[in-house]
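Geometric and topological summary
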2 protein chains.
Amino acid sequence: VTRVVGLGGGIGASRLWRALAQAVPQQDLTLIVNTGDDLWLHGLRVCPDLDTTLYALSGEQDAERGWGRKGETWRCRDALRELGEQVWFNLGDRDLATHLWRTGLFHDGAGLSAVTTGLATIFGVAATVLPMTEDEVTTYVDTAAHALLHYEEYLVRYRAEPDVRGVEHRGVDRAIAAPGVLDAIAAADLIVLAPSNPVASIAPILGLPGVREALLVTAAPVIAVSPLVLGRAITDPGEERRAASRNALMAAVGKPADPAGVAAMYAGFCDRFVLDLADESYAANIRSLGVDVAVAPTLLHTGEPPEPLLDVILGAGAAR
Amino acid sequence: VTRVVGLGGGIGASRLWRALAQAVPQQDLTLIVNTGDDLWLHGLRVCPDLDTTLYALSGEQDAERGWGRKGETWRCRDALRELGEQVWFNLGDRDLATHLWRTGLFHDGAGLSAVTTGLATIFGVAATVLPMTEDEVTTYVDTAAHALLHYEEYLVRYRAEPDVRGVEHRGVDRAIAAPGVLDAIAAADLIVLAPSNPVASIAPILGLPGVREALLVTAAPVIAVSPLVLGRAITDPGEERRAASRNALMAAVGKPADPAGVAAMYAGFCDRFVLDLADESYAANIRSLGVDVAVAPTLLHTGEPPEPLLDVILGAGAAR
């Protein structure tokens, strides 16, 4: 058995987890999911990254959009617009059921771990899906134009367009890693950092007390897949917006917006960094950080076969 | 100007308010609406009687069902069922937008009066629609089979089938009438008690400290329309269920389930009781309570013209 533990956020991560789940039995996968994007909307608790993960692993995800549920409709959102609401977050009618279900359990006193386990069971997800914490941690982006914006508001409502002065994961220093998170890292045979936004999606997990330390002491190889591909053009508008957000947030934390900048954020605990084929030129720079480099096609959403990437990732586990 | 103040609940009341709004300018109408049926569902605040009132007066109501919004769909409810939820309350996708809007304002600290005024404005309702109170008052039905049930659960989930041992309007004795309620009664030229369930929909309003006293001292005529017609067969399943609930709740508070039993609950402050044409036999009994009697066709939903009923109601105001 190879116990694979993944750390990640939403869309980028879910593509990799879906591919991994075809090479590894789902029950051997433990996914530690960013909750820094979670938000309260109209009294409902919305967990974008957890839901994207669950929808992706259950086959419930809309394949074309890459987020939300397949066969979705937007009647409630449209009715909210008719009430004069500035609806910027896309609440689908079927997706709303997930938020209602979760919020109802919250009001009954359940924690996010139990709620997430419940949803995973209902959606038939055999992987262990863990919120990074049960505490509220919220990523705010400090923008010149709008002052502090919730990360989802910055990304979705303002399309990652405002200039960014800083990023804050509010509450992360006082938050406690959710039950199972540190245990999973300690017991892992292989740890994978998803190609998620390093600042918005990975940094909140790494910022939880104990997580970085657990990654430093684990004997399991830690392998990161580059979330930032410079050598290929981006054609999808959603990807473009997410790339703009990645670049702006990397700059805001003082890192170059390139694969070496990401690797520098992970150096110390990261054993191997997977560069996209098109970005091989960064290999030497990353090796100089003491991080091993592998090269593979990484853009799974473009339709390229996942096997070479999976071989590189799982090979790291096997070579241990 | 004839300032008409109505007291009532949901469906039965809304039929009368809609008819009244064709005979009286809507801005001269003030409706004091029962909130004892309000409930929290999945973290959302749902106000069945307020919403029925707003939808009816705005033309937004589904005419065939008599509740909810026209052109409604049920995608979210169906998705909740797929999650294994016992969904007994019918949350339409478009109706959900109202609950989300209200709950969002609640979380921002707004009270139910401001939220209701906001919804009335958005829906283009010119009448003044007041919740009876901003405090939480909840009607529970004590049943042998299920112990205490929220009234909506008793009516909708269990179709008014369980035996009823008692009724409780929890919180009503400590609740404060919402801003404008006592003022509207004091300033009224005519006060109308809607043909709503006397125990579930009218009694909570009458039970608020100050309301019964205000009705006792007002110089305006107080006229009640019988909610309970015995001389005609009920053909609609929804009406049948509501009639069963009326009868059971009347019995639970020790009143005969007939027009005289209702009139006895209103005697003291009620000047005139409108009997349905088919129930004239109760006139003498009601007059013996010191309540004047008028007779008119009262079942507006059967398609009978509202004018004779409106003449009797508005005539009482004019004759003052």
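Located above this text is the structure these notes cover.
Residues numbered from 1 in each chain as written. Chains lettered and ligands numbered in written order. Predicted model: local features only at pLDDT ≥ 70, side-chain atom pairs only at ≥ 80, totals over all residues. Heavy atoms only, no water.

**A word on the packing of aromatic side chains**
A full pass over the atoms with the stated rule returns 12 aromatic pairs over all chains. When the ring of Tyr55 of chain B is compared with that of Phe123 of chain B, the centres are 5.6 Å apart and the planes differ by 80°; the resulting orientation is edge-to-face. Linking Tyr55 of chain B in helix 2 (residues 48-58) with Phe123 of chain B in the loop between helix 5 (112-122) and strand 5 (128-131), this pair joins segments that are 68 residues apart in sequence. Phe123 of chain B carries the same exposure label as Tyr55 of chain B, and that label is buried. Seen from the ring of Trp67 of chain A, Arg65 of chain A lies directly overhead, with NZ or CZ sitting 4.6 Å from the centre. (Phe/Tyr/Trp six-rings, centres within 6.5 Å; stacked < 30°, edge-to-face > 60°. Helix = DSSP H or I, 4+ residues; strand = E, 2+ residues; numbered from the N terminus. Buried < 20%, exposed > 50% of the residue type's maximum accessible area, 1.4 Å probe, protein only. Lys NZ or Arg CZ within 6 Å of the ring centre and 35° of its normal.)

**Let's talk about the pairing of strand 6 (residues 138-143) of chain B**
All names here are of chain B. Across 6 bridges, the pairing between strand 6 and strand 8 (residues 164-170) is antiparallel. Bridge pairing links Tyr140 to Glu168 in strand 8. Strand direction decides the pairing type here: strand 6 and strand 7 (residues 147-150), joined by 4 bridges, are antiparallel. Note on strand 7: the bridge partner recorded for Thr143 is Ala147. (Pairing = 2+ DSSP bridges.)

**Observations concerning helix 8 (residues 198-207) of chain B**
Residues and elements named next belong to chain B. For helix 8, a buried count of 8 out of 10 residues is recorded, marking the element as mostly surrounded by other parts of the structure. Here helix 8 has its buried residues at Pro198, Val199, Ala200, Ser201, Ile202, Pro204, Ile205 and Leu206. Where helix 8 begins, the side chain of Asn197 points an oxygen toward the backbone nitrogen of Val199, at a separation of 2.9 Å. (Polar contact = N/O pair within 3.5 Å; in protein donor to acceptor, adjacent residues only side chain to side chain.)

**Here we look at the sheet that holds strand 8 of chain B**
All names here are of chain B. On the basis of which strands lie adjacent, the open sheet formed by 3 strands has the order 7-6-8 and antiparallel pairing. The open sheet terminates on both sides in strands that have one partner only, identified here as strand 7 and strand 8. Across the sheet, the axes of successive neighbouring strands diverge by a mean angle of 25°, strand direction being ignored. Against the sheet, helix 8 makes contact with strand 6 and strand 8, and its axis sits at roughly 30° relative to strand 8, the strand it touches most. (Axes fitted to C-alpha atoms, helices over the stretch in contact; angles between N-to-C directions. Contact = heavy atoms within 4.5 Å.)

**Remarks on the relation of the copies chain A and chain B**
Mapping chain A onto chain B leaves a residual RMSD of 0.0 Å; the transformation is a rotation of 180° accompanied by 0.0 Å of translation along its axis. Seen this way, the second copy is the image of the first under a two-fold rotation axis. Comparing interface residues between copies, 100% of those in chain A also lie at the interface in chain B; the contact surface is shared. (Least-squares fit on C-alpha atoms with pLDDT ≥ 70 in both.)

**Some thoughts on unusual backbone geometry**
All names here are of chain A. Not every positive phi belongs to a glycine, and Ala147 is a case in point at roughly 55°. By secondary structure assignment, the location of Ala147 is in strand 7 (residues 147-150). Residues other than glycine seldom take positive phi values, yet Ala160 does so here, at roughly 55°. Position of Ala160 relative to the elements: it lies in the loop between helix 6 (151-157) and strand 8 (164-170).

**What about the state of the cysteines?**
Applying the stated criterion across every chain, the model contains 0 disulfides over all chains. Not part of a disulfide, Cys76 of chain A finds its nearest cysteine sulfur in Cys76 of chain B, a span of 7.2 Å. Taking the relative accessible area as the measure of exposure, Cys76 of chain B reaches 1% and is therefore buried. (Disulfide = S-S within 2.5 Å.)

**Details of the nonpolar core**
In this structure, Ile191 and Tyr266 of chain A together with Ile191 and Tyr266 of chain B are the most contacted members of the largest nonpolar core, which totals 210 residues. Here Tyr266 of chain B is in contact with Leu193, Ser196, Pro198, Ile202, Leu206, Ala224 and Phe273 of chain B, once residues within four sequence places are set aside. (Core = buried A, V, L, I, M, F, W, Y, C linked by side-chain atoms within 4.5 Å.)

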